[in-house]
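# Coordinates in review
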Amino acid sequence: MDPVVVLILVAALVVVFLVASTVRIVPQARRYNIERFGRYRRTLQPGLNLVLPVADRINTKLDVREQVYSSDPRPVITEDNLVVNIDTVLYYQITDPRAAAYEVADYLQAIDQLTVTTLRNVIGSMDLEETLTSREEINSRLRAVLDDATGKWGIRVNRVEIKAIDPPHTIKEAMEKQMRAERDKRAAILHAEGERQAKILTAEGTKQKDILEAQGTQQAMILRADGEAKAVELVFQAVHRNNADPKVLAYKYLETLPHLASSDNNTFWVIPGELTEAVRTVTTAFGDQSAAGPPKPAQPEEAATADADGTSQEGGIPELGAGSAVSLEAAAAADEAEKQAAAAVSDAKAEAEAAMSPQMPRRGQTSGG
């Protein structure tokens with residue numbers, strides 16, 4: 001091969017190598033630290049960059065997006081001397097690529113160790129109960145310490161979260177028993193409260209029922225009394241409007257007497273003293289049915305004439321006419337009514353005496369006369 005051609009090919013390869021070494025393309029959200037002869041020169045930004053082929057070289061390639069770092073569970077002693085395992089989640093972002101590459105050898109390890117020490121200082125001043133219920137406070141204190149320490153490393157800590165707090169197994173069992181007891185207590189309280197409310201509602205319902213029943217009974221009694229009063233008033237007005245005489249009233253009185261002893265619950269019955277007067281009034285009423293009007297008192301002259309006329313025929317026997325026959329029939333009917341009334345009174349007295357106890361005195365005879 002011709003030496004000239006060989007030289008041309010070598011020169012071409014050298015040029016291609018130099019051009020390739022000069023051009024550097026940086027992706028988005030990436031930063032490249034460039035060193036020139038071992039000394040930091042600059043940080044390449046995303047896009048096309050030119051460097052010296054032999055003098056400049058890339059030392060570190062860093063990702064400036066927000067990163068997530070999860071640490072392993074670490075044992076921490078609380079104030080009440082209980083060992084708990086706590087693991088955290090760290091959200092950070094590189095803000096200064098040069099400081100992140102040259103201020104600390106391994107920023108992830110440095111952040112991890114700083115988190116553990118800070119966490120032990122914070123948890124060491126709290127008991128277990130406070131540790132379990134103060135996660136926000138722990139997170140805030142961790143973030144403040146880490147952000148202050150990592151600021152000079154070109155790293156910003158955006159957020160620190162406690163992922164889990166694991167107490168010992170015996171403590172877990174004790175906590176479960178305590179929570180079970182609390183739940184049983186709340187359940188018993190709720191059950192008792194429910195029974196209390198149920199009894200109160202039942203009592204109120206019974207009270208309202210009794211009140212409504214009493215009001216209903218009161219209204220019924222009032223309406224019944226009003227009805228009876230109106231009935232008595234109507235009967236009273238009818239009696240006075242029709243001008244009923246004592247004979248009709250006496251007859252109705254006798255009609256009512258048999259009903260007084262008709263009830264099975266009557267064990268004591270008093271015969272009114274007005275019974276004889278009532279019977280006499282009825283008898284007089286039936287005896288005067290033939291008269292055209294109320295009897296008038298006879299004059300002395302008419303009485304004498306009647307006596308003379310009546311005794312003048314057949315040896316002093318009075319003469320009976322049609323009116324006298326009717327009067328006899330009325331008298332017989334009145335006697336029959338009197339007998340029936342007396343029989344009814346006797347039957348009522350017998351039933352009352354039979355129902356009375358043998359030790360009680362018989363008062364029918366005493367009250368009836």
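Since the structure is predicted, the reported quantities are computational estimates derived from the model, not experimental observations.

## Quick word on the environment of S71
Along the chain, the position of S71 falls in the loop between β6 (67–70) and β7 (74–77). S71 sits 42 residues away from Q113 along the chain, and the two C-alpha atoms are 9.7 Å apart. There is a polar contact of 2.9 Å between the side chain of S71 and the side chain of T88.

## Concerning the packing of aromatic side chains
Tallying each qualifying case throughout the model produces two aromatic pairs. When the centroid spacing of 5.6 Å and the interplanar angle of 65° are considered together, the rings of Y40 and Y102 count as edge-to-face. Of this pair, Y40 sits in strand β3 (residues 39–44) while Y102 is found in helix α2 (residues 97–102), placing the two residues 62 residues apart along the sequence. A centroid spacing of 6.1 Å and a plane angle of 65° characterise the contact between Y92 and Y107, whose relative ring orientation is edge-to-face. Taken together, the residues span a long stretch of sequence, with Y92 in strand β8 (residues 83–94) and Y107 in helix α3 (residues 107–123) at a distance of 15 residues. Look at Y92 and you get buried, because its relative accessible area is 5%. Classification of Y107 by relative accessible area gives buried; the value is 18%. K61 extends its terminal NZ or CZ atom over the ring of Y32, reaching a point 5.0 Å from the ring centre.

## Structural notes on the pairing of strand β2 (residues 30–36)
Summarising burial for β2: five of the seven residues are buried, a large majority. For β2 and strand β5 (residues 56–63), the ladder comprises seven bridges, and the chain directions are antiparallel. When the sheet's bridge partners are listed, E35 is paired in β5 with R57. Across five bridges, the pairing between β2 and β3 is antiparallel. By the bridge assignment, I34 is partnered in β3 with R42. Joining the antiparallel neighbours β2 and β3 is a turn of two residues, in which F37 adopts a positive phi near 55°.

## Considering helix α5 (residues 135–150)
End to end, α5 covers 22 Å across 16 residues, agreeing with the expected 22 Å (1.5 Å per residue, within 8%). I138, N139, L142, L146 and T150 are the residues of α5 that are buried. Axial view of α5: buried residues confined to an arc of 95°, hence all on one face. Away from its buried face by more than 90 degrees, α5 exposes E136 and D148. Where α5 is buried, its residues meet β8, α3, α4 (128–133) and β9 (155–166).

## Points about the sheet that holds β2
What the three strands build is an open sheet, ordered β3-β2-β5; its pairing is antiparallel. The open sheet is flanked by β3 and β5, the only strands paired with a single partner. Each neighbouring strand pair of the sheet contributes to a mean axis angle of 25°, computed without reference to strand direction.

## Digging into the side chain of D87
Of note, D87 is situated in strand β8. A distance of 3.0 Å separates a polar atom in the side chain of D87 from the backbone nitrogen of A164. Other than its neighbours up to four places away in sequence, D87 contacts S71, D72, P73, I162, K163 and A164.

## A closer look at the environment of N49
The topology assignment puts N49 in strand β4 (residues 47–50). Each residue touching N49, except ones within four places of it in the same chain, is listed here: T22, V23, R24, V26, R42 and L44. Here Q45 takes part through its backbone oxygen, which lies 2.9 Å from a polar atom of the side chain of N49.

About the criteria used
- Sequence positions are assigned chain by chain, starting from 1 and proceeding in written order.
- Reporting of local features is limited, given that this is a predicted model, to residues whose pLDDT is at least 70; pairs of side-chain atoms are given and counted only at 80 or more, and all residues count toward the totals for whole chains, interfaces and linings.
- Computation of side-chain values: all heavy atoms of the structure, hydrogens and water removed.
- The helix and strand labels rest on DSSP assignments: H or I over at least four residues marks a helix, E over at least two residues marks a strand, and numbering proceeds from the N terminus.
- Any N or O atom pair separated by 3.5 Å or less is treated as a polar contact, with the protein-specific requirement of one donor-capable and one acceptor-capable atom, and with residues adjacent in sequence counted only for side-chain atom pairs.
- Within 6.5 Å between ring centres, the rings of Phe, Tyr and Trp (the latter by its six-membered ring) count as paired, and their orientation is classed by plane angle as stacked under 30 degrees, edge-to-face over 60, tilted in between.
- With a 1.4 Å probe rolled over the protein chains alone, any residue whose accessible area is under 20% of its type maximum counts as buried; one over 50% counts as exposed, and the rest are partly exposed.
- Two conditions define a charge located above a ring, namely a distance within 6 Å from the ring centre to NZ of Lys or CZ of Arg, and an angle within 35 degrees of the ring normal.
- By definition, two strands form a pair when at least two bridges between them are found by DSSP.
- Any helix carries an expected span of 1.5 Å times its number of residues minus one.
- To obtain the arc, one takes the directions from the helix axis to the C-beta atoms.
- Working rule for contacts: check all heavy atoms of both residues, and any pair within 4.5 Å makes them a contact.
- Under this scheme, a helix contributes an axis fitted over its contacting stretch, all axes are lines through C-alpha atoms, and angles between N-to-C directions fall in the 0 to 180 degree range.

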